[in-house]
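Okay, here's what each chain looks like letter by letter:
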Amino acid sequence: MTNKKKAYKDFRSNRWFGSQDVRGHGHRSRAMQMGYSADDWSGKPVIAIINTWSDINPCHGHFKNRVEDVKRGVLQAGGFPLELPAMSLAEVFVKPTTMLYRNMLAMECEELLRSHPVDGAVLMGGCDKTGPGLLMGAISMNIPAIFMPAGPMNSGYWRDKPLGSGSDSWKYWDELRAGNITEEDWGEVEAGIAPSPGHCMTMGTASTMTSIAETIGMTLPGAASIPATDANHPRMAAASGRRVVEMVWEDLKPSDILQRQSFINAIAAAMAMGCSTNAIIHLVAIARRAGHDVGLDDFEDQSRRVPVIANIRPNGDKYLMYDFYRAGGLRAMLNRIEPHLDGACLTVNGKTLGDNIDGALVHDEDVIRTVDNPICESGALAVLKGNLAPNGCVMKVSALDERFLKHTGPALVFDSYPDMKAVIDSDDLDVTPDTVLILRNAGPQGGPGMPEWGMLPIPGKLVKQGVRDMMRISDARMSGTSYGACALHVTPEAYIGGPLALVRNGDMVSVDVDKRSLTLDISDAEMAQRRAAWTPPPVRYERGYGYMFSNHIRQADEGCDFDFLSTDYGAPVEEPAIF
């Protein structure tokens, strides 16, 4: 039995169900209307299960059934489970981008937990923005909570070739454009690349963020690596339900678990796993919700310390997340970088990170390498700054053609994605393999919502010549499953007057990863002259959620959270009045 620190009389839910006035009568009678009785809730923790299932989210297709496993675990531990649905943020279907709505999910999660009679929560997420959104909301609410990751889907196949979701879409799309495969081939790839429920089985944003959730201590040990269709997944779901009941009695909250060093651990893990570039935006936002000032300098510091040792696509050229799981999973990888971690950080199971990874073994030395035999000597990401990105930008240096680690070329500028798409396959496009493609006005406000447009397509005439990578720069993001020489998240964004707005076709642009620099090769006087001539674009929204988003969204280097949701903004929100 768990060590009880909290008495039932002090439970949040008891304010609803325990009061002997007319309001308490109303709460109890309406619960009875649903077939419950006092035996269901009396003396028990009430557990919210925040379920991001929907008919249109394939990453969470199994959540409709998996929630029953969570409920089973809650009941086994003597709790009362209540399923509360939340927006599912289906990555490939929500337009213009799920990033526009991550903060909305965070607000929804926080207010679901605040407004209902619940004492703890299981957060069911995995698809890219759901993990960060749920964690941000639960951290702000600060009641006992545990994250239950969706798990990666099964590996895809086309004939005898393994397919990685996202990564092979880009790859075979270029082969189709080059005339190297047929439309029939492309259709077979389409049918085989995503064969089961679960999030992307490459080391994309979903696998990155569920692994980060585990590293900061918000999942059970080993949870992030379990494939969605593996029999261990429903067992993990039930165990999450059991554990959160114990956490309520122990009064173990996110604020007790999440320290600044928890997030530094997560950055080290992200570098070793070959993380998505989106890790920066989400991890900064999550950390700041917890009251810890984590920023780009922390990523740069860990990048120079921790090499990439997870040989998973799109960093490696062979393995997928099932292979990672089979090789020992995240616990084994963390054990390999243990000298770079603070093992004293607490986790949701009441033990330390060091306890949880102790003795974890690697079963395939090619999938999870040693730090002496990495697939990339540096960490996955590099933070660049310069007169084109005064507040920083990010490159995924573990997944690009190394000749672009130092490159200078003439700019070809696109003011919008439609402008780019209209001409990118033209044989008359003035472009060479050395050209630097620039897409601007695609940041948090300009996109709007900072869509995953930063991996610009290689121009059609170059694809036919065999070119598969070019230097690309944008204030947009790119999918975690993407790859190539892309400088992303350029801050401040062009839409609000960042230097990217001032680049002209033919300007020489220089990238030097060793020096961590991104430079527009014009004089300060010319830069000032162009700035004086710049005029702001028209506003994106004049009403609704988009209007609120535009007026309160922060820039990429600050995590793209709303300013009014930061921990230090205003007085803490009190518990709801019940009258």
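Each chain carries its own residue numbering, running from 1 in the direction its sequence is written. Given that this is a predicted model, residues contribute local features only at a pLDDT of at least 70 and side-chain atom pairs are listed and counted only at 80 or more, while totals for whole chains, interfaces and linings are drawn from all residues. Side-chain measures were taken over the full set of non-hydrogen atoms in the model, leaving aside hydrogen atoms and water.

Caption draft 1: Representation of the environment of A86 in the model. Position of A86 relative to the elements: it lies in the loop between β2 (80-85) and α5 (102-115). Partly exposed describes any residue whose relative accessible area lies between the buried limit of under 20% and the exposed limit of over 50%, with all areas from a 1.4 Å probe on protein chains only and scaled to the type maximum. Owing to a relative accessible area of 9%, A86 belongs among the buried residues under this scheme. The sequence separation of A86 and R72 amounts to 14 residues, and the corresponding C-alpha distance is 20 Å. Leave out the neighbours within four places in its chain, and A86 touches I50, N51, T52, L105, E108 and L112. In this text, helices come from DSSP runs of H or I with a minimum length of four residues, and strands from runs of E with a minimum of two, each type numbered from the N-terminal end. Here, residues are in contact when the closest pair of their heavy atoms is within 4.5 Å.

Caption draft 2: How the structure looks around helix α21 (residues 544-552). Buried within α21 are the following residues: Y545, G546, F549 and S550. Down the axis of α21, the smallest arc covering the buried residues is 135 degrees, so these residues share one side. In this fold, the buried residues of α21 make contact with α5. It is the directions from the helix axis to the C-beta atoms that the arc portrays.

Caption draft 3: The sheet that holds strand β1 (residues 46-51), seen in detail. At least two bridges found by DSSP between two strands are what make those strands a pair. An order of β2-β1-β3-β4 is seen for the four strands of this open sheet, with the pairing classed as parallel. A single partner strand is all that each edge strand has here, and the edge strands are β2 and β4 (145-149). Between one strand axis and the next, the sheet turns by 20 degrees as a mean value, whatever way the strands run. The sheet contact formed by strand β3 (residues 120-125) and β4 spans five bridges and is parallel. Bridge pairing links M124 to M148 in β4. Working convention: axes come from line fits to C-alpha atoms, limited for helices to the stretch in contact. Angles between N-to-C directions cover 0 to 180 degrees.

Caption draft 4: Fine view of the pattern of salt bridges. Criterion for a salt bridge: a side-chain nitrogen of Lys or Arg within 4 Å of a carboxyl oxygen of Asp or Glu. In total, this model carries 41 salt bridges according to the counting rule given. A salt bridge links E91 to K129; its shortest N-O distance comes to 2.9 Å. Placement of E91 in the loop between β2 and α5 and of K129 in the loop between β3 and α6 (130-141) is noted, with a sequence separation of 38 residues between them. The exposure class assigned to E91 is buried, which follows from its relative accessible area of 16%. Classification of K129 as buried rests on a relative accessible area of 0%.

Caption draft 5: Representation of the nonpolar core. To define a nonpolar core, start from buried Ala, Val, Leu, Ile, Met, Phe, Trp, Tyr and Cys residues and group those joined through side-chain atoms within 4.5 Å. Counting residues in each nonpolar core, the largest one holds 117 residues, and the members touching the most others are I50, L113, L123, F299, M333, L334 and I368. The leading source of residues in this core is helix α12 (residues 260-273), at ten residues. F299 has contacts with I267, M271, A279, I280, L283, V284, V294 and V383, leaving out every residue within four places of it along the chain. Membership of the second largest hydrophobic core comes to 30 residues, among which are F404, A485, V490 and L500.

Purely geometric stuff here, so don't read any function into it on its own.
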